[in-house]
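Inside the fold
One letter stands for each residue in the lines below.
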Amino acid sequence: SLWLRPLDNTDATPVPGSNGAVLPFWSSDSDSIAFFNSRSGSLQVADMSGDPARIRCNLPAKGGYGGGCWTADGTILFSQGPLGLYSLAADSDEPEPLVLAAEGDAGFYAPHVMPDGASVLFSVWKKDGLWQIEMLSDGKRTIVIDASPGEIVTGPVYSPTGHILYNRVHGNGE
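Scope of this entry: the structure provided in the associated data block. (Residues numbered from 1 in each chain as written. Predicted model: local features only at pLDDT ≥ 70, side-chain atom pairs only at ≥ 80, totals over all residues. Heavy atoms only, no water.)

**Looking at unusual backbone geometry**
Of note, Leu23 is a non-glycine position whose phi angle comes to about 50 degrees, a positive value. Checked against the element boundaries, Leu23 lands in strand S3 (residues 21-26). One non-glycine residue, Ser30, lies in positive phi territory at about 60 degrees. Within the element layout of this structure, Ser30 appears in the loop between S3 and strand S4 (32-37). Judged by relative accessible area, which is 41%, Ser30 ranks as partly exposed. (Helix = DSSP H or I, 4+ residues; strand = E, 2+ residues; numbered from the N terminus. Buried < 20%, exposed > 50% of the residue type's maximum accessible area, 1.4 Å probe, protein only.)

Pasting the structure below:
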């Protein structure tokens, strides 16, 4: 389950209805938390009002959780690992495919919405074992970072300074 604790004290409280929570992420206004529920195979949302978490949608497949993010208009973008990236509009309970796995794709992870609210950075694991960070913009995938063999690149985050922060792990764990 998820727990919430203010930084200025040590009292943590459980987020109601979050049993089975995996990979939580904040809404863009920090008023809500979304998470994958490994028990029910759903994407759930908990508001900071203290009400129990509610199911926003059933996931296309159980498992394969790869992270998520919110756009400013309340749309949730999330990864279903080997299946692809999905979009869940604020007023919908049906996820729509954003990027489906193409030939050679093995998994999608860590979507991050860009400041324009439309472009998305994400990590892709390829079937040949290589990793890439790509950007989806206007329906087109573009490779932003191509890892060398034996490296993993994941977790891209954009900075207003025009930089992309990401994690690069070499085969030796460094």
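**As for the nonpolar core**
In terms of nonpolar packing, the biggest core is built from 13 residues, with Phe25, Phe36, Leu43, Ile76 and Phe78 touching the most fellow members. Listed by contribution, the elements that provide at least two residues to this core are S4, strand S5 (42-47), strand S8 (76-79) and strand S9 (84-88). (Core = buried A, V, L, I, M, F, W, Y, C linked by side-chain atoms within 4.5 Å.)

**With respect to the environment of Ile145**
Within the secondary structure, Ile145 is located in strand S14 (residues 140-146). Of the residues examined, Ile145 reaches a relative accessible area of 11% and is grouped as buried. Placed 143 residues apart in sequence, Ile145 and Leu2 show a C-alpha to C-alpha distance of 33 Å. Look past the residues within four positions of Ile145 in its chain and what remains in contact with it is Trp131, Gln132, Ile133, Val153, Tyr166 and Arg168. (Contact = heavy atoms within 4.5 Å.)

**A look at the pattern of salt bridges**
Between side chains of opposite charge, a pair can form when the charged atoms approach closely. Applying the stated criterion across every chain, the model contains five salt bridges. A salt bridge links Arg54 to Asp47; the nearest nitrogen and oxygen atoms lie 3.1 Å apart. Three or more residues are tied together by salt bridges with common partners; here these are Asp105, Lys126, Glu134 and Arg141. (Salt bridge = Lys/Arg side-chain N within 4 Å of Asp/Glu carboxyl O.)

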